[in-house]
Amino acid sequence: MKIKLNGKHLEVNGNKTILDICKDNGIKIPTLCYHKNLFPEARCRLCLVELNGKLVTSCSTKPIEGCKIVTKTKKILKARKMNMELMSPGISMDKLGNDFEARKIYEEVGLDNERFKPRKNYKVELGDSLVRDNNKCVNCGRCVQVCSKVQEVHAIDFASRAHNEHVTPYCEKTLAGVACIRCGQCLINCPVGAITEVSHLGKVETALKNKKKQVIVQTAPSIRAALGELFDMKTGSLVTGKMVTALRQCGFDKIFDVDLGADMTIMEESAELVRRIKSNETLPLITTCCPAWILMMEQSFPELIPNMSTCKSPHEMLGALIKSYYAKKAGIDSKDIIVVSIMPCVAKKFESTRPELYTDVDYVLTTRELGRLIKKRNIDFANLPDSEFDPTLGISTGAGDIFGTAGGVMEAALRTTYEVVTKKKLKKVEFKNLHEFKGIKEGSIKLRNKTIRYACANGGANIRELLKHKDDYDFIEMMACPGGCIGGGGQPIYFDDETLKLRSKALYKQDSKKELRKSHENPIVKEIYKKCLGEPGSKKAKKFLHTKYKKRSCF
Amino acid sequence: MQVLRETNLQGLALAKKLGKKGTLELLAKRGLVGRGGASFPTHKKWERALSVKTNERFLICNADEGEPGTFKDKFLIKNNSETLIEGILIAAFVLDAKRCFIYLRAEYDSLRLELEKIIKKVLKKSKMKVSIEIVRGAGAYVCGEETAIIQSIMGRRGQPMEKPPYPTIKGLWGKPTVLNNVTTLTCVPQALLYEDWNPNYRLFSISGEVEHPGVYEWELGVKMSTILGTVKPKGKMKAMSFGCFGGIMPVYKSNRVSPALICDKNCHHGAYSLIFVGEKKNIVDVNLSMAKFYTYESCGKCTPCREGTIRLVELLKKIKSGQATNKDLKLLKELANHIQETSLCGLGASCGNHILTGMKNFKKDYKGFIKKK
Ligand code: SF4
Ligand code: SF4
Ligand code: SF4
Ligand code: FES
């Protein structure tokens, strides 16, 4: 259709919104409630433009044939400012960190008046993983939409009307009191930081000062592909070496790699799969690396408990090994060891409070918290030299690296299972069908006389979808966050699918560069089994590396 | 009253005889337009829904009358509901709607049992295979808004959605849905059946400081003096307010009441609810009480209306307390205008009218409170 945009005659696709048309034509319009992956509810009213002289929200409005659109008039700028002013008493812009989207918008729209006083007086909700401060909330509705549409958890929604409208877990409970899975996707999508993680940073800093304790840090696979973003490095930069250097400069005594825990997980899970197939036990076997998925299962699908692998998540496995295998090897009392996990995930904070697990890992920091720690220490991260993990528990394979991206656990497991069962070498190490950026992926592989049908889902809605057909498969990987851990609730904020693709690509690159790409080839894994655990699935392995689940109420 | 004439299913019989097209043509000829406020021709609305190819269409009768000073739907449901149900059946016939809903204001629950009986009775007589369900509103004024009703009937939070898509194209469960209000649907069989049916009659809800408040029927353009003569004001009148969002203005005997009078050119609410305000009242008080209404009835979805309405109340309170300056007056006007221009739905778009017209027409009342430096 023909339109006139800022005086220029254009031929445009009438099915696009005015916002998209403007973007195509290099015109920037401030948006707050809008998010590419969500339905434009047009709540914030910042993206105003004039359509034939009338103010409309560009994110939700499509052009009409022959219309005149202008994007920058006094009237528009004034109206945007007024809406910013109306919502800002909550945000307190001056205190808003640079991480948040609203900061940029605030700078774009500007605010030269502050005629209204803060009026909200909500109690801040301090949870086990997330903190919700409704006083900062600007009712953009993104968290609500993400939770209900992308994650299909429906833990939070708006309640009340008019100026009392506020976000709340259902029945005005706390997140811990509802079926929230602690995925933190609401946090990631909140433009003003009204939802944040429960910080363990203070406790970690105190621990670092304690000379009597040996503070050991372990970093999850997906951190290395995202941490650089916090220091203005290109999205998708791999910063493994710099990260290790920075951690050492922060004062951690030992730096281990959760990738190794991932390799251990694969050994155990693969053995479990083979055992279940051989002795006709419950199938499909479902992975358990993602604590948000575990919570979802316990709350909404407890009938799946027999299907769940009993393996602990990789960092919990490594935590257990640190406090047993490593402690013994280094001759330290495990009580003098503090284990800190750097995780892409807020659900891991909840996981570390589970009574059956809490001894393994003491504190969990998100990628963002680590970024804060590094900034606090004035470390010039982008220019750090590389260094290596501590070798005792720091050698890992490419299979561990790809744990951080959706489909990676499955791929790693298949690599090992195939070679262990068939005693043959894989012709192609990579399972390209699992590298695609898709919500649900599937495939099959032949192991001797049995075909294993496998599938992976990432994002809550896709998990629910896949579960409808679960009986078509033998082995299923579930990740609660879109894209897997690279899109976790603890990762640097601001991301769209492009960011996720780049982070994922970085992990696949790291894998492809490694000499060792299969978990069973990892020399440390071999040593741990030889010296300590016996073999995968042994009694001792069960004691240290496996766990159990229970049904939970949604109320 | 024309709107109380009964039709005894003769309107429906005629519609079936004329067929869908014939019925639409006759409605067009008789000049029936929506009584909710937008005055959109009824046949056109139905035609729009018919233009969508689908296996299902819905009809919603909007009986969520929540505007202060408006009570004509209640009057009609009490006094001529058989004709209303017949109107619904005619619409269902034309639209091929198998499920119809009456979205009944929560506070009108006392009318529900009686209405249910009448629905059963008329349905039985008509022998049509249509269901008419009464859905009780949850008490939100904003659910008088078309898209909010739809959300509410689907069991979602009653908040308006951006239009387009219009409900006639994509409404309940994504299917074309026609929303007509009680008066419009009651008029349908009457307009079809009676050749002398006058399209210009409107129902007026009269309240405030008058001897005879109630529902009246007058022709558009009726003289103020006629209205005053009938309802008998108690003493001298200072102002009349057209509901909450039509605006407030002085009472001139020679005025003729028409949409143009109520809200200038961009009139979107011809609900014809007149609230009379006596001369002892201060308009700032009147505006404040209306502004309070909106601070509780805004749905809270969009920034200007959610955040703005509460600030309007703050400002009006400040003015009343004598602490305000001209700057505050300016802000009040700016804000009222801003909410109107940038809100998502009709509620926000009209919630400043009473203040803007109050400030314009009753300057003295406002100035009287302003602090002199
Ligand atoms: S953490 Fe996840 S499940 Fe919980 S409220 Fe946020 S989005 Fe919903
Ligand atoms: S908590 Fe954040 S994402 Fe949720 S509505 Fe408020 S501002 Fe938006
Ligand atoms: S204008 Fe008011 S009532 Fe309408 S959507 Fe916005 S907040 Fe809700
Ligand atoms: S970005 Fe368009 S209304 Fe919020």
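The model shown is predicted, which means the values in this text are computed figures rather than measured ones. Just so you know, the residues in each chain are numbered from 1, in the order the chain's sequence is written. All chains are assigned letters beginning at A, and all ligands numbers beginning at 1, according to the order in which they are written. Predicted model: local features are reported for residues with pLDDT of at least 70 only, side-chain atom pairs are reported and counted for 80 or more only, and whole-chain, interface and lining totals are derived from all residues. Excluded from the side-chain calculations are hydrogens and water; all other atoms, namely the structure's heavy atoms, are used.

**A look at the overall build of chain B**
Broken down by element type, chain B carries 15 helices and eleven strands. Seen through its principal axes, chain B has C-alpha atoms that stretch 75 × 45 × 35 Å. Scored against the burial criterion, the 373 residues of chain B give a buried share of 60%. Whether two residues touch is decided by their heavy atoms; if any such pair falls within 4.5 Å, the residues are in contact. Long-range pairs, those at least 24 residues apart, make up 72% of the contacts in chain B between residues at least 6 apart in sequence. For the area figures, the Shrake-Rupley method with a 1.4 Å probe applies, and any residue is considered shielded solely by the protein chains shown. Surface accessibility of chain B: about 15600 Å² in total, with carbon and sulfur atoms responsible for 52%. Asp and Glu are treated as the negative residues and Lys and Arg as the positive ones, with His and the ends of the chain left uncounted. Here the site of a charge means NZ on Lys, CZ on Arg, CG on Asp, or CD on Glu. The centroid of the 61 positive side-chain charges in chain B is displaced by 2 Å from the centroid of its 35 negative side-chain charges. Put simply, DSSP H or I for four residues or longer makes a helix, DSSP E for two residues or longer makes a strand, and each gets a number counted from the N terminus. Throughout this description, buried means an accessible area under 20% of the type-specific maximum (1.4 Å probe, protein chains only), exposed means over 50%, and partly exposed covers the range between.

**Concerning the side chain of D401(A)**
Residues and elements named next belong to chain A. If you trace the backbone, D401 turns up in helix α13 (residues 398–401). We call two N or O atoms a polar contact when they sit within 3.5 Å, provided that within protein one can donate a hydrogen and the other can accept it, with sequence-adjacent residues counted only if both atoms are side-chain atoms. A distance of 3.1 Å separates polar atoms of two side chains, one belonging to D401 and the other to R224. Excluding anything up to four places from it in sequence, D401 contacts P221, R224, D259, L507, Q510, D511 and K514.

**A word on the confidence of the model for chain B**
All names here are of chain B. pLDDT expresses how confident the predictor is about each individual residue, on a scale running from 0 to 100. Scored by pLDDT, chain B has a mean of 92; 97% of the residues are at 70 or more. Here residues 265–269 scores under 50 on pLDDT; set against residues more than four positions off or in separate chains, the count is eleven contacts. If you check the scores for this complex, the pTM reads 0.91 and the ipTM reads 0.89.

**Let's talk about the domain arrangement of chain B**
All names here are of chain B. Note that the domain bounds reflect an automated or database-derived domain assignment. As assigned here, chain B comprises domain 1 (10–193), domain 2 (201–278) and domain 3 (283–367). Between domain 1 and domain 2, the contact holds 14 residues from the first and 18 residues from the second. By buried area we mean how much accessible surface two parts lose on assembly, using a 1.4 Å probe and totalling the loss over both. Approximately 1200 Å² of surface area, both sides summed, lies buried where domain 1 meets domain 2, with 62% of it carried by carbon and sulfur atoms. One can count three residue pairs in polar contact (both at pLDDT 80 or more) joining domain 1 with domain 2. Among the elements that take part in the side of domain 1 that touches domain 2, helix α3 (residues 72–79) stands out by supplying three residues, more than any other.

**With respect to the site of ligand 2**
Taken together, C137(A), V138(A), N139(A), C140(A), G141(A), C143(A), V167(A), C190(A), P191(A), V192(A), A194(A) and I195(A) make up the full set of residues near ligand 2. By the convention adopted, Pro, Cys, Tyr, Trp, Phe, Met, Ile, Leu, Val and Ala count as nonpolar, Lys, Arg, Asp and Glu as charged, and the other residues, Gly among them, as polar. Of the residues assigned to the shell around ligand 2, the class counts are ten nonpolar, two polar and no charged. For this description, a residue counts as near a given molecule or strand if any of its non-hydrogen atoms is within 4 Å of it.

**Remarks on the packing of helix α4 (residues 81–95) of chain B against helix α7 (residues 182–193) of chain B**
Residues and elements named next belong to chain B. Axis definition: a line fitted to C-alpha atoms, over the contacting stretch in the case of helices. Angles run 0 to 180 degrees between N-to-C directions. Running from N to C, α4 and α7 point in directions that differ by 80 degrees, and their axes come no closer than 7 Å. What the angle tells us is that α4 and α7 run roughly perpendicular. Residue-level inspection shows T83, L84, E86, G87, I88, I90 and A91 of α4 in contact with α7, the latter providing V182, L185, T186, V188, P189, Q190 and L192. Grouping the constituent residues of the contact of α4 with α7 by class yields nine nonpolar, four polar and one charged. Comment on the angle field: the value is read as roughly parallel under 35 degrees, roughly antiparallel over 145, roughly perpendicular from 65 to 115, and oblique elsewhere.

**Re the interface of chain A and chain B**
Chain A puts 34 residues into the contact, and the matching count from chain B is 30 residues. Both faces combined, the contact of chain A with chain B buries some 2700 Å², and carbon together with sulfur accounts for 52% of it. Its largest share of buried area at the contact with chain B, chain A owes to L86(A), R161(A) and H163(A), together 24% of the area lost on that side. By definition here, a salt bridge exists when the distance from a side-chain nitrogen of Lys or Arg to a carboxyl oxygen of Asp or Glu is within 4 Å. Here chain A is connected to chain B by six salt bridges. Of the charged contacts in the structure, one is a salt bridge between E334(B) and R115(A), with a shortest N-O distance of 3.5 Å. The tally of links from chain A across to chain B stands at 22 residue pairs in polar contact (both at pLDDT 80 or more).

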